[in-house]
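Given next are the chains, with one letter for each unit.
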Amino acid sequence: MSREYPVIAITGSSGAGTTTVRRAFERMFSRKGIRAAFVDGDAFHRYSREDLARIFRDEPERKHELSHFAVEANLLDRLERLFAEYGEHGTGTYRHYIHAEDKRMLEAGYHVGTFTEWQPLPTGTDLLFYEGLHGGLVSSQHDLAQHVDLLIGVTPTVNLEWIQKIDRDINMRGHSHEAVVDTILGRMQDYVRYIVPQFSRTHINFQRVPTVDTSNPFEPQAIPSDAESFVVIRFRDRDSADFPYLLTMLSGAFMTRPNTLVVPGSQMPLAIELILEPQIEALLAQRRFR
């Protein structure tokens, strides 16, 4: 269902590579003159890093209950209200969660693992772009998917996902290998319960599949390069894509099912733009003609 103000959500696990998709969208928005309100899913975590450390120290039995994947560890009621409000009025409130790689925020005096203050979204935007863990979540209490006009899943094969997370958290966020592995294992139940089902609700999934051995993702190793992978792209509605055109434009692409396109890893940024640009234009055109 198309709303007055479109909501686009990129959903994927930590380490899935959603940032690659976000950058492709940013280039597309810049080229087309589209004004987007960017919202980070991490901003809707319920607890700061210091809060979590205190809870785990005082109540160690809750450690595996409060992973970032879990409903209880996130302000999903607030996120759902944001989606609904933006879709109807183009307004809402958001904040930022500070990561180790957020150099400008750190220079401004913020600390890793904390939040900025809540603030209104920029005015005059054309659409909302969400990147995070829960864009397509449906639970007994929440239904975020119903508010999203274009839901994109980024879901590499699980071993590759873990390799990417381990590499990022060690090299960019300063965590130890043991701590990252412990985090992955500790939130596995929440991953299966809350993250995986979202990929059955997405309009399009991008799944990167390595062509090198990733049998043991917990062994330190280099992330497979684009040249060492393919991307499997699944469309919920096969009529939403012009497959003959995509096969012509994407070198090395081929079909495996009527709704599934496979492209070399190096073609993923181009594939994202070729596939999603027409869909975004259609959403905005429907808004203009209201």
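Rules behind the numbers
- Residues numbered from 1 in each chain as written.
- Predicted model: local features only at pLDDT ≥ 70, side-chain atom pairs only at ≥ 80, totals over all residues.
- Heavy atoms only, no water.
- UniProt positions renumbered as here; feature names shortened; annotations may be inferred.
- Axes fitted to C-alpha atoms, helices over the stretch in contact; angles between N-to-C directions.
- Helix = DSSP H or I, 4+ residues; strand = E, 2+ residues; numbered from the N terminus.
- Parallel < 35°, antiparallel > 145°, perpendicular 65-115°, else oblique.
- Left-handed = near helix turned anticlockwise from the far one by under 90°.
- Contact = heavy atoms within 4.5 Å.
- Nonpolar A, V, L, I, M, F, W, Y, C, P; charged D, E, K, R; others polar.
- Buried < 20%, exposed > 50% of the residue type's maximum accessible area, 1.4 Å probe, protein only.
- Pairing = 2+ DSSP bridges.
- Polar contact = N/O pair within 3.5 Å; in protein donor to acceptor, adjacent residues only side chain to side chain.
- Phe/Tyr/Trp six-rings, centres within 6.5 Å; stacked < 30°, edge-to-face > 60°.
- Lys NZ or Arg CZ within 6 Å of the ring centre and 35° of its normal.
- Core = buried A, V, L, I, M, F, W, Y, C linked by side-chain atoms within 4.5 Å.

- The name an unreviewed UniProt entry assigns to the protein chain is Phosphoribulokinase, from the organism Kushneria konosiri.
- Annotation of the protein chain in UniProt includes, under Catalytic activity (unreviewed entry), the sentence "D-ribulose 5-phosphate + ATP = D-ribulose 1,5-bisphosphate + ADP + H(+)".
- Taken directly from UniProt, the Sequence similarities (unreviewed entry) text for the protein chain runs: "Belongs to the phosphoribulokinase family."

Details of the packing of helix α5 (residues 158-171) against helix α6 (residues 177-186)
- Viewed as axis vectors pointing N to C, α5 and α6 meet at an angle of 135°, and their least axial separation amounts to 9 Å. Taken together, α5 and α6 sit at an angle that is classed as oblique. Between α5 and α6 lies a crossing of right-handed hand. Each of W162, K165, I166, D169 and I170 in α5 lies in contact with α6, whose residues at this interface are H177, V180, V181, T183 and I184.
- The residue inventory of the contact of α5 with α6, partitioned by class, reads six nonpolar, two polar and two charged.

Concerning the pairing of strand β5 (residues 127-132)
- For β5, the buried fraction is high: six of the six residues fall into the buried class.
- As paired elements, strand β1 (residues 7-11) and β5 share five bridges and run parallel to each other. Opposite I8, over in β5, you have F129 as the bridge partner.
- In terms of strand pairing, strand β2 (residues 36-40) meets β5 through five bridges, oriented parallel. Looking at the pairing, A37 lines up with L128 of β5.

Re the environment of D213
- Mapped onto the elements, D213 comes out in the loop between β7 (204-210) and β8 (229-235).
- Sequence spacing of D213 and L160 is 53 residues, and the spatial spacing of their C-alpha atoms is 9.9 Å.
- A distance of 2.4 Å separates a polar atom in the side chain of D213 from a polar atom in the side chain of S215.

A word on the packing of aromatic side chains
- Here the structure, examined in full by the defined rule, presents 13 aromatic pairs.
- Ring centres 6.0 Å apart and planes at 80° place the aromatic pair F29 and F129 in the edge-to-face group. Of this pair, F29 sits in helix α1 (residues 18-32) while F129 sits in strand β5; the two residues are 100 residues apart in sequence, bridging distant segments of the chain.
- The exposure class assigned to F29 is buried, which follows from its relative accessible area of 2%.
- Residue classification places F129 among the buried positions, given a relative accessible area of 0%.
- Taken together, the ring pairs connect F25, F29, F38 and F129 into an aromatic cluster.
- If you follow R78 out to its NZ or CZ, it ends over the ring of W118, 3.8 Å from the centre.
- Here the basic side chain of R187 rests over the ring of F69, its NZ or CZ set 4.0 Å away from the ring centre.

Observations concerning the UniProt feature "domain: Phosphoribulokinase/uridine kinase" (unreviewed entry) in the protein chain
- Here, UniProt's "domain: Phosphoribulokinase/uridine kinase" (unreviewed entry) annotation points to residues 7-215.
- Along residues 7-215 one finds 36% helix and 15% strand; the C-alpha atoms at either end are 37 Å apart.

Regarding the environment of R208
- For R208, the position within the fold is in strand β7.
- Judged by relative accessible area, R208 falls into the buried class, the value being 11%.
- Here the alpha-carbon distance between R208 and A16, two residues 192 residues apart in the chain, equals 9.1 Å.
- Excluding its chain neighbours within four sequence positions, the residues that come into contact with R208 are T155, P156, T157, L160, Q164, I223, P224, S225, D226, S229, F230 and V231.
- Among the polar contacts listed, one links the side chain of R208 to the side chain of Q164, at a separation of 2.7 Å.
- Within the structure, the side chain of R208 is placed 3.5 Å from the backbone oxygen of S225, a separation counted as a polar contact.

What to know about the nonpolar core
- Counting residues in hydrophobic clusters, the biggest one holds 36 residues, and the most contacted among them are F25, F206, I233, L276 and I280.
- The biggest single contributor to this core is helix α9 (residues 268-288), with nine residues.
- Among all residues touching L276, those that are not within four sequence positions of it are F25, M28, L150, I152, I204 and F206.
- Core analysis: the second largest hydrophobic core is formed by 23 residues, F44, L79, Y86 and L128 among them.

A look at the side chain of K165
- Structurally, the position occupied by K165 is in helix α5.
- What makes K165 buried here is its relative accessible area of 5%.
- Those residues in contact with K165, other than ones at most four positions away along the chain, are S14, G15, V180, T183, I184 and R187.

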